[in-house]
Amino acid sequence: MDHRQQEEARRRRESEATLKRVSRETETVGESAIGAAADRLKGHFAGTDAPAEDRVEVWGRRIGRGLAVVAFVVLLIHLVRTYVMS
């Protein structure tokens, strides 16, 4: 096989690998975006960004993030009752 044929074969393999990766990663745009956002949100509240071997850190992040959601909801209710329903 000469250099030109080797180069063509290499490019063909790269192209096929790229097409496989793209087809594997893409679904319908709306479903993949919503699914990816849901997965990130789930991971965020599960504390997956903390070191897995440090259980105190994982649970601390889970509790802190849960309390932040509760505080947000309480603040939202207060603001709606104060400024919208007055």
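Residues take numbers from 1 onward in each chain, read along the sequence in its written order. Per-residue local features of the predicted model are confined to residues with pLDDT of at least 70, and side-chain atom pairs are confined, for both listing and counting, to 80 or more; whole-chain, interface and lining totals are unaffected and use all residues. Derived side-chain values reflect all non-hydrogen atoms in the structure, with water molecules and hydrogen atoms excluded from consideration.

Engineer: I would appreciate a short explanation of the pattern of salt bridges in the present structure.
Structural biologist: Close approach of charged atoms allows side chains of opposite charge to pair. Salt bridge criterion: a side-chain nitrogen from Lys or Arg within 4 Å of a carboxyl oxygen from Asp or Glu. The final tally for this structure, using the stated rule, is 7 salt bridges. One salt bridge connects Arg11 with Glu7, and the closest N-O pair in it is separated by 3.5 Å. Taken together, the positions of Arg11 and Glu7, both in helix α1 (residues 3-25) and 4 residues apart, correspond to about one turn of that helix. Buried, partly exposed and exposed residues are distinguished by accessible area as a fraction of the type maximum, computed with a 1.4 Å probe on protein chains only: under 20%, between the cut-offs, and over 50%, respectively. Given the relative accessible area of 25%, Glu7 is considered partly exposed. Through salt bridges with shared partners, a single ionic network connects Glu7, Arg10, Arg11 and Glu14. We count a stretch as a helix when DSSP gives it H or I for four or more residues in a row; a strand needs E for two or more, and each element gets its number in order from the N terminus.

Engineer: Explanation requested: the packing of aromatic side chains in the structure shown.
Structural biologist: Here a ring pair, both rings aromatic, is described through the centre-centre distance and the interplanar angle of the planes. Ring geometry is summarised as follows: Phe, Tyr and Trp rings, the Trp one being its six-membered ring, pair when their centres sit within 6.5 Å, and such pairs are stacked at plane angles under 30 degrees, edge-to-face over 60 and tilted between the two. Going through the model one piece at a time under the given rule, you end up with 0 aromatic pairs. Positioned above the aromatic ring of Trp59, the side-chain terminus of Arg62 is 4.6 Å from the ring centre. Here, a charge over a ring is recorded when the distance from Lys NZ or Arg CZ to the ring centre is within 6 Å and its angle to the ring normal is within 35 degrees.

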